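The lines below spell out each chain.
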Amino acid sequence: MVLELKNVTKNFGGISALTDVSFTINEGEIFGLIGPNGAGKTTMFNVITNMFLPTSGEINFLGEKISGTKPHKITDKGICRTFQNIRLFSQMTVLENVLVGRHCRSKSGVFSSVFRTKSQQSEEAMTREAATELLDLVGLSDYEDVIAENLAYGQQRRLEIARALASNPKLLLLDEPAAGMNETETENLFDLIKEVQKKGVTVLLIEHDMPFVMKLCDRITVLNFGKKLAEGTPEEIQNNKDVIEAYLGSEEDDDLDA
Ligand code: ATP
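Everything quoted here is computed from the prediction, not taken from an experiment.

Lay out the site of the ligand in plain terms, naming residues and giving numbers.
In the vicinity of the ligand there are 13 residues, among which Gly-38, Gly-40, Lys-41, Thr-42 and Thr-43 approach most closely. In isolation the ligand offers 630 Å² of accessible surface; the protein chains occlude 64% of this area. For the shell around the ligand, the element with the highest residue contribution is helix H1 (residues 41-48), accounting for three residues.

Before we move on, could you go through the pattern of salt bridges and cite the residues and values that matter?
Applying the stated criterion to the full structure yields seven salt bridges. With a shortest N-O distance of 2.8 Å, Lys-228 and Glu-231 are connected by a salt bridge. Salt bridges linked by common partners bring Glu-29, Arg-219, Lys-228 and Glu-231 together as one network.

Give me the lowdown on the layout of surface pockets, citing residues and values where you can.
Of the voids in this model, the largest pocket is the one considered here, and its volume is about 480 Å³. The wall of the largest pocket is formed by 20 residues, among which Thr-75, Cys-80, Arg-81, Phe-83 and Arg-163 lie closest to the centre. Put simply, the parts of the chain that give the lining of the largest pocket at least two residues each are helix H2 (71-77), strand S6 (79-81), helix H3 (94-102) and helix H6 (153-166). For the lining of the largest pocket, the leading source of residues is H2, giving four residues. Looking at the lining of the largest pocket residue by residue, the classes come out as ten nonpolar, six polar and four charged. Approximately 320 Å³ is the volume found for the second largest pocket. If you trace the second largest pocket, you find 14 residues lining it, with Glu-133, Leu-134, Leu-165, Asn-168 and Lys-199 closest to the centre. For the lining of the second largest pocket, the secondary structure elements donating two or more residues are helix H5 (118-137) and H6. A per-element tally of the lining of the second largest pocket places H5 first, with four residues. Partitioned by chemical class, the residues of the lining of the second largest pocket number eight nonpolar, two polar and four charged.

Calculation criteria
Residues numbered from 1 in each chain as written. Predicted model: local features only at pLDDT ≥ 70, side-chain atom pairs only at ≥ 80, totals over all residues. Heavy atoms only, no water. Near = heavy atom within 4 Å. Areas by Shrake-Rupley, 256 points an atom, 1.4 Å probe, with all protein chains shown as cover. Helix = DSSP H or I, 4+ residues; strand = E, 2+ residues; numbered from the N terminus. Salt bridge = Lys/Arg side-chain N within 4 Å of Asp/Glu carboxyl O. 1 Å grid on protein atoms, 1.4 Å probe; cavity = no way out; pocket = protein on both sides within 12 Å on 5 of 7 lines; lining within 4 Å. Points joined across faces, edges and corners; volume = space filled by probe spheres on them. Nonpolar A, V, L, I, M, F, W, Y, C, P; charged D, E, K, R; others polar.

Okay, here's the thing in structure tokens:
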């Protein structure tokens, strides 16, 4: 088991964004978190990464309680995420963005960096090599020196994934990775996430693109009004009466058959 949520509740004043939500994610799974707008999905990511403390409940990662751990320590422990709205260092190059993602694994200090010690130089070379491999994985090898904001939209999303992977996570959280992508970009993203899974990274993703979710995920949890509505394989979810009702009651593009 990689991630375990036990009865997680998050209240914002009078609003209960999450109520008593429990689920577990196993090693190597691609796990989907879906639900209509406002269901509590992003809040769930924020609670897992400790951007917000849960009001109650417990979150365990690889058997260790992580609720209350500082967000940067969460990355050290092996959880990394992307955001619904792309958050790259827009004025930095593609390669630099990935190098920044690797920073938390760097052992070099101020002294070794200023005096360019041998160990610092060899670490820097290894870091660059790892970054280059990641850019190859996400199909951005030819764009190393391009300023991030000049990339096409789908490329920026893939760069965000490369930056997250640079921290060597055991669990990768993807917040609407296919949002705004065209058909070809979505197909490339599908292949990329499968590759990430093959490399042994467990994936938790929020996504509104239902055909994409149903094809990609091993298991899915559905949230509705902050509560867990259903959990199961894509087939079980697609045939679940409560889920169909929740979706048909919402916007057209949330339709399960969309
Ligand atoms: P979407 O698919 O539209 O991104 P979501 O499922 O991610 O929605 P959340 O963004 O988690 O839903 O929001 C769940 C509820 O919590 C909403 O009612 C939202 O207004 C509320 N909420 C989220 N963040 C905050 C916050 N920082 N302060 C107050 N209320 C919040």
